[in-house]
Amino acid sequence: MTNERLTPDYIFETSWEVCNKVGGIYTVLSTRANTLQTSFRDRLFFIGPDLWKGKENPLFIESDNLYADWKEHALNKSRLSVRVGRWNIPGNPIVFLVDFQSFFELKNKIYSQAWEHYQVDSLHAYGDYDEASMFSYAAGKVVKSFYLYNLTRSDKVVYHAHEWMTGLGALYLQINVPEIATIFTTHATSIGRSIAGNSKPLYDYLFSYNGDQMAAELNMQSKHSIEKQTAHYVDCFTTVSEITNKECEQLLNKKADVILMNGFEDDFVPKGAAFTGKRKRARTAMLQVANKLLGTNWGDDTLIVGTSGRYEFKNKGIDVFLESLNRLRKDKSLNKNVLAFINVPAWVGSAREDLKVRIKCNDKFTTPLEMPFLTHWLNDAAHDQVLNQMRYLGMSNQPDDKVKVIFVPCYLDGKDGIFNKEYYDLLLGQDLSVYPSYYEPWGYTPLESIAFKVPTVTTDLAGFGLWVKSLNHQHGIRDGVEVLHRTDNNYFEVADGIKDTISFYAASTDEDVKKMRKRASEVSEHALWKHFIEYYYEAYDIALRNAEKRLNELGINY
C-alpha cells in the first residue's frame with residue numbers, strides 16, 4: 001500500500017446550519033467553504049434543511065440549471081424534495097436544501113432499522129430529535145440518489161456529517177452506499193454540554209462520569225445514543241479541540257481520529273483607512289448610546305470592554321464577567337472610566353422609545369433614564385439572569401461608578417432600533433473583549449475579536465484558549481490574548497484575573513496598547529483556514545482508507 005495521502009474526488013458535507021444561521025457551526029462551514037472550493041470547485045456539496053418554505057432565504061440562490069437532469073429523472077421519481085442552488089457566501093458552493101417532512105410517516109421504520117444495524121436507541125426521543133433525524137435520513141437518501149445517478153465506483157467520495165443531528169444519514173450511507181467514506185464531527189458532546197448546563201462539575205469529575213448513565217439521568221438517551229454510535233461506526237471520527245476530545249474519550253468511549261480545529265477567513269475584516277473609519281464610527285455609536293442612557297458625557301478616552309455570544313449564562317462565563325466588573329468598580333487604582341457591554345440576545349421585547357428619543361436629539365443629558373443599563377425592554381425582565389445578577393451585586397450604574405455595564409439583549413443585525421449596526425461593525429470599536437468560558441469546545445468570539453485587533457481574555461476551558469497556550473511566544477494580554485486558568489472551583493480567582501487584566505490594560509501607554517492590538521491580529525493569522533485545512537485532508541485520508549478496508553471485507557472492489 002502506498003503512503004501517498006488519499007484525497008476525495010467529491011465531498012458532501014451536511015449540517016443543520018447549512019444556509020441556516022444558528023451558531024458556531026455556521027461560521028465553521030461558511031468561512032471554510034472558500035478554501036475547499038479553491039481545490040474542489042463544484043465537486044464540493046453542502047446539504048441543509050429546507051426551512052424557508054414560501055419565504056425567500058437570503059443565504060440561498062436557487063438554480064434551475066444545476067443538475068436538472070438528475071432532478072428530473074431521479075429525484076422526481078422518489079419521495080425526495082430537494083432545491084438545488086448555491087450558498088450566498090464567499091466561494092458560492094453548491095447546496096442541496098432538503099424537505100424532509102414526508103419521512104415522518106416512516107419514522108418508526110427508520111428508527112427500527114437504526115436499532116437493528118447500529119443499536120441507536122430512539123425510544124426516548126423527544127423535542128428536536130425527530131426533526132433532526134428525519135432531515136439526516138433524507139440527506140443520506142439524497143446523496144445515495146446523486147451518487148447512483150451521477151458518479152461511478154472509481155470516484156472517491158466523502159460524506160462529512162456535523163453533530164448528532166446528522167448522524168443517522170452517515171450510518172444510512174454506510175449500509176446503502178458503502179463505497180462512500182464517512183466522517184463525523186462532534187463540536188460538543190450532548191452529555192458534556194448538558195452536564196455543564198445543569199451546574200454539575202464537569203472537569204474535576206470527568207474521569208468518573210459514565211456517558212450512558214448520565215444520558216439516562218439527564219433524559220438525553222436518544223441524542224447521546226446517535227452521537228455515540230455514529231462516532232464508533234463512521235470511517236473517521238473527529239472533534240474540534242483537545243478539551244472536547246477528552247469528553248469524547250470519557251463520555252462516548254471513543255477518542256477522535258483527528259482534531260479539526262476551527263479556523264476562519266479574514267476577508268470580512270476591513271483594512272487600512274476603512275478599518276480606522278469604522279472603528280471611529282463604532283466608538284462614537286457606543287458612547288452616544290451609553291451617554292444618552294446614563295446621562296453622562298464620557299469621551300473617547302473611555303475604555304470600552306465587551307462580551308457576546310449565546311445566552312448561556314454560566315457556560316459562556318457571563319456570570320464571572322459581571323463578578324469581575326463588580327470587583328473592578330471597587331478598585332481604587334482604576335485610572336479610567338470603563339464602559340462594559342454585554343451583547344447577548346435574550347427574550348427581547350422592543351427597542352426603548354425613551355432612549356430612541358434621546359439619541360435623535362443633540363442635547364446633552366445629565367440625568368439617567370429609568371433602568372440605565374438596558375437598551376431594549378425584555379419580555380420577562382424579572383427572571384433575566386444578567387439583570388438578576390446585577391441586582392444581586394448592587395450594580396445599577398450609579399453616577400459615581402467608574403465602571404458602568406450596559407446589557408444589549410438583541411441580535412446586532414443592523415436593524416435593532418438603537419445601534420442599527422451589525423455586530424462586527426461594533427466589535428472593532430472595543431478596546432478589550434472578555435470571554436471567560438466554562439464550557440466552550442472551540443470559541444469563535446475571542447478569535448473574531450483578535451482578528452479585529454481587539455485583545456481578548458478567555459480561559460483554558462475553551463478550545464481556542466488551549467490552542468493559544470500551545471503557541472510559542474504567547475505571554476498573556478501583552479501578546480494580545482490572556483488565557484486564564486479555569487476549573488470547576490476557581491470562579492472568584494477568574495473574576496480577579498479578569499479585573500486585573502482590565503486594570504492593566506487601562507493603565508497601559510498608548511504605545512503598549514498599539515503593540516497589544518498588533519499582536520492580537522498576528523495571533524489570529526495563525527488560525528486562518530489555509531493553516532487549519534491541513535487537518536481536514538488528514539481526516540479525508542483516514543476515512544477513505546477505512547472505507548477501502550470495509551469494502552474489502554464486504555468483498556466489493558473499491
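Definitions and cut-offs
- Throughout this document, residue positions are counted from 1 along each chain, in the order its sequence is written.
- Totals for whole chains, interfaces and linings use all residues, but because this is a predicted model, local features are given only for residues with pLDDT of at least 70 and pairs of side-chain atoms are given and counted only at 80 or more.
- The side-chain numbers reported here are obtained from all heavy atoms of the structure, hydrogens and water having been left aside.
- A run of H or I in DSSP counts as a helix once it spans at least four residues, and a run of E counts as a strand once it spans at least two, with each numbered from the N terminus.
- Radius of gyration: over C-alpha atoms. The globule rule applied is 2.2 Å multiplied by the number of residues raised to the 0.38 power.
- Relative accessibility under 20% of the residue-type maximum defines a buried residue, over 50% an exposed one, and the middle range a partly exposed one, all with a 1.4 Å probe and only protein chains included.
- The contact definition used throughout considers only heavy atoms, calling two residues in contact when any of these lie within 4.5 Å.
- Each accessible area is a Shrake-Rupley result for a 1.4 Å probe, and residues are judged covered by the shown protein chains and nothing else.
- The rule for pairing is simple: two strands pair if DSSP sees at least two bridges between them.
- Think of a 1 Å grid over the protein atoms and nothing else: a 1.4 Å probe that fits but is trapped marks a cavity, an open set flanked by protein within 12 Å on at least five of seven lines marks a pocket, and residues with an atom within 4 Å of a point count as lining.
- Grid points are joined across faces, edges and corners, and a volume is the space filled by probe spheres set on the points.
- Only Asp, Glu, Lys and Arg are considered charged in this grouping, and only Ala, Val, Leu, Ile, Met, Phe, Trp, Tyr, Cys and Pro are considered nonpolar; every other residue, Gly among them, is considered polar.
- The term polar contact refers here to a pair of N or O atoms within 3.5 Å; inside protein, the definition further demands a hydrogen-donor-capable atom paired with an acceptor-capable atom, and it admits residues adjacent in sequence only when both atoms are side-chain atoms.
- When a carboxyl oxygen of Asp or Glu is within 4 Å of a side-chain nitrogen of Lys or Arg, the pair counts as a salt bridge.
- Remark: nonpolar core denotes a set of buried residues (Ala, Val, Leu, Ile, Met, Phe, Trp, Tyr, Cys) joined through side-chain atoms within 4.5 Å.
- Only the six-membered ring of Trp is used, alongside the rings of Phe and Tyr, when aromatic pairs are assigned; centres must lie within 6.5 Å, and planes under 30 degrees apart are stacked while those over 60 apart are edge-to-face, with the rest tilted.
- Counted as over-ring charges are cases with an Arg CZ or a Lys NZ within 6 Å of the ring centre that also lie within 35 degrees of the ring normal.

Draft legend 1. Representation of the overall build of the protein chain in the model. Of the regular secondary structure elements, the protein chain holds 19 helices and 17 strands. Taking 2.2 N^0.38 as the reference for a compact globule, 558 residues should give roughly 24 Å; the C-alpha atoms of the protein chain span a radius of gyration of 25 Å, in line with that estimate. Residue burial in the protein chain is summarised as follows: out of 558 residues, 60% are buried. Looking at the protein chain alone, contacts between residues at least 24 apart form 74% of all its contacts between residues at least 6 apart. Here the protein chain has roughly 23200 Å² of accessible surface; of this, 48% comes from carbon and sulfur atoms.

Draft legend 2. How the structure looks around the sheet that holds strand 2 (residues 44-49). Strand order in the open sheet formed by nine strands is 3-4-5-2-1-6-7-8-9, and the pairing between neighbours is mixed. Whereas interior strands pair on both sides, the edge strands pair on one side only; in this sheet they are strand 3 (60-62) and strand 9 (258-259).

Draft legend 3. Representation of empty space enclosed by the protein in the model. Applying the stated criterion to the full structure yields one cavity of 30 Å³ or more. Estimated volume of the largest cavity: approximately 50 Å³. In this structure, the largest cavity is lined by His124, Ala125, Tyr126, Tyr129, Asn219, Met220, Gln221, Ser222 and Lys223. Here the lining of the largest cavity gets three residues from one element, more than from any other, and that element is helix 8 (residues 221-233). A class-by-class count of the residues in the lining of the largest cavity yields four nonpolar, four polar and one charged.

Draft legend 4. Quick peek at the side chain of Asp130. In this fold, Asp130 is placed in helix 4 (residues 129-150). A polar contact of 2.6 Å, which involves the side chain of Asp130, links it to the side chain of Tyr111. Discounting residues that sit within four places of it in the chain, Asp130 has contacts with Phe104, Lys107, Tyr111 and Ala125.

Draft legend 5. Examining the layout of surface pockets more closely. Its volume calculated, the second largest pocket comes out at about 480 Å³. Looking at the second largest pocket, it is lined by 17 residues, and the ones nearest its centre are Arg279, Arg283, Asp431, Val513 and Arg517. The set of elements that each furnish at least two residues to the lining of the second largest pocket consists of helix 10 (272-294) and helix 18 (510-525). It is helix 10 that provides the largest number of residues to the lining of the second largest pocket, a total of five residues.

Draft legend 6. Broad picture of the pattern of salt bridges. Applying the stated criterion across every chain yields a total of 31 salt bridges. Measuring nitrogen to oxygen at the nearest pair gives 2.9 Å for the salt bridge that ties Glu323 to Arg327. Within this pair, Glu323 and its partner Arg327 are both found in helix 11 (residues 318-328), separated by four residues, close to a single helical turn. Look at Arg327 and you get partly exposed, because its relative accessible area is 25%. Arg545 is the salt-bridge partner of Asp541, the closest N and O atoms lying 3.0 Å from each other. In this pair, Asp541 and Arg545 are both assigned in helix 19 (residues 529-554), four residues apart and thus about one turn of the helix distant. One exposure class covers both Asp541 and Arg545, and it is buried. Through salt bridges with shared partners, a single ionic network connects Arg279, Arg283, Asp300 and Asp431.

Draft legend 7. The environment of Arg79, seen in detail. Tracing the sequence through the fold places Arg79 in the loop between helix 2 (68-73) and strand 4 (81-87). On the accessibility criterion, Arg79 (37% relative accessible area) is partly exposed. For Arg79 and Asn379, which are 300 residues apart along the polypeptide, the C-alpha to C-alpha distance reads 42 Å. Once residues lying within four places of it in the same chain are set aside, the contact partners of Arg79 are Ser102, Phe103, Glu105 and Leu106.

Draft legend 8. Looking closely at the nonpolar core. Core analysis: the biggest nonpolar cluster contains 83 residues, and Trp87, Phe419, Trp442 and Trp467 have the highest contact counts within it. Per element, the largest residue contribution to this core is ten residues, and it comes from helix 19. When near neighbours in sequence (up to four residues on either side) are disregarded, Phe419 contacts Ala285, Met286, Val289, Phe341, Thr375, Val408, Leu412 and Leu426.

Draft legend 9. Expanded view of the environment of Ala138. By the element assignment, Ala138 lies in helix 4. Assessed through its relative accessible area of 0%, Ala138 is described here as buried. Spatially, the C-alpha atoms of Ala138 and Gln288 are 50 Å apart, while their sequence positions differ by 150 residues. Here Ala138 is in contact with Leu80, Val98, Phe100 and Phe103, once residues within four sequence places are set aside.

Draft legend 10. Summary view of the packing of aromatic side chains. Scanning all chains against the criterion turns up 41 aromatic pairs. Relative to Phe532, the ring of Trp467 lies with its centre 5.6 Å away and its plane at 85°, an arrangement referred to as edge-to-face. Of this pair, Trp467 sits in helix 16 (residues 463-470) while Phe532 sits in helix 19; the two residues are 65 residues apart in sequence, bridging distant segments of the chain. Classification of Trp467 by relative accessible area gives buried; the value is 8%. Geometrically, the ring pair formed by Trp529 and Tyr536 is edge-to-face, given 5.7 Å between the ring centres and 75° between the ring planes. The pair formed by Trp529 and Tyr536 is uniform in burial state, with each residue classed as buried. Here the aromatic residues Tyr10, Phe12, Phe45, Tyr67, Trp70, Phe96 and Phe146 are joined through ring pairs into a cluster of three or more. We note Lys314 situated over the ring of Tyr438; from NZ or CZ to the ring centre the distance is 4.1 Å.

Interpretation note: all reported values are geometric properties and have no functional meaning in isolation.
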